[in-house]
Amino acid sequence: MQFLVAEQKLNVNQQDFNGDTPLISAARETRVAVVRYFCTELPPETIHDIIDARTKTGCTSFILSCIIAKGTNSVGTPEKFPFPLAPLEVVKILVDAGA
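Residues numbered from 1 in each chain as written. Predicted model: local features only at pLDDT ≥ 70, side-chain atom pairs only at ≥ 80, totals over all residues. Heavy atoms only, no water.

Caption draft 1: Representation of the overall build of the protein chain within the structure. Secondary structure summary: the protein chain contains six helices and zero strands in total. Written out in order from the N terminus, the α and β elements of the protein chain read α-α-α-α-α-α. Going through the 99 residues of the protein chain one by one, you find that 37% of them count as buried. Taken as a whole, the protein chain presents about 6000 Å² of accessible surface, with 57% of it coming from carbon and sulfur. (Helix = DSSP H or I, 4+ residues; strand = E, 2+ residues; numbered from the N terminus. Buried < 20%, exposed > 50% of the residue type's maximum accessible area, 1.4 Å probe, protein only. Areas by Shrake-Rupley, 256 points an atom, 1.4 Å probe, with all protein chains shown as cover.)

If you want it as structure tokens, here you go:
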């Protein structure tokens, strides 16, 4: 991730067709290491911007991670995760970063 951000100049605020930013995608997919990187290694003003970003449906990375930690996916369908504590870790990282 550091290579993509630092060397390849990945735009961490870039939104896809659903309004997802890289942080929102990482939170949705419970990519703990990626979420941790975005929330701890970027400049504080950038962290604030990416945490506050919303999808087209109005969800932030924090909202999505809470829904997933509850045991459902972003549309409310029950879902099993290979690492059951990963969604909770994502929520904790986001809260610690100011979500």
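Once the structure has been displayed, the description carries forward.
Caption draft 2: Broad picture of the side chain of Ser65. With respect to the helices, strands and loops of the structure, Ser65 is situated in helix α5 (residues 61-69). Beyond its immediate sequence surroundings of up to four residues, Ser65 is in contact with Ala27, Pro87, Val90, Val91 and Leu94. (Contact = heavy atoms within 4.5 Å.)

Caption draft 3: Spotlight on the pattern of salt bridges. Counted by the stated rule, this structure contains three salt bridges. For Lys92, the salt bridge goes to Asp96, with nearest N and O atoms at 2.8 Å. Of this pair, Lys92 and Asp96 both sit in helix α6 (residues 86-96), four residues apart, which is roughly one turn of the helix. Judged by its relative accessible area of 56%, Asp96 falls in the exposed class. (Salt bridge = Lys/Arg side-chain N within 4 Å of Asp/Glu carboxyl O.)

Caption draft 4: Examining helix α4 (residues 44-52) more closely. Listed in full, the buried residues belonging to α4 are Thr46, Ile47, Ile50 and Ile51. Taken end-on, α4 shows its buried residues confined to a sector of 130°, consistent with a single buried face. For α4, the exposed residues lying more than 90 degrees away from the buried face are Pro44 and Glu45. Buried-residue contacts for α4 involve α2 (22-28), α3 (32-40), α5 and α6. (Arc of directions from axis to C-beta.)

Caption draft 5: Here's a closer look at the environment of Cys59. Structurally, the position occupied by Cys59 is in the loop between α4 and α5. For Cys59, a relative accessible area of 15% corresponds to the buried category. Separated by 39 residues in sequence, Cys59 and Asp20 place their C-alpha atoms 9.1 Å apart.

Caption draft 6: Layout of the nonpolar core. Leu23, Val35, Phe38, Cys39 and Leu42 are the most contacted members of the largest nonpolar core, which has 17 residues in total. Within the residue set of this core, elements represented by two or more residues are α2, α3, α4 and α6. Among the elements that make up this core, the one with the highest residue count is α3 (five residues). Excluding residues that lie within four positions of it along the chain, Leu23 makes contacts with Val35, Phe38, Cys39, Ile50, Ile51, Ser61 and Leu94. (Core = buried A, V, L, I, M, F, W, Y, C linked by side-chain atoms within 4.5 Å.)

Caption draft 7: Spatial organisation of the confidence of the model for the protein chain. The predicted model of the protein chain has a mean per-residue pLDDT of 80, with 76% of residues at 70 or higher. Across the protein chain, the element-wise mean pLDDT spans from 62 in helix α1 (residues 2-7) up to 91 in α3. (pLDDT = per-residue confidence, 0-100.)

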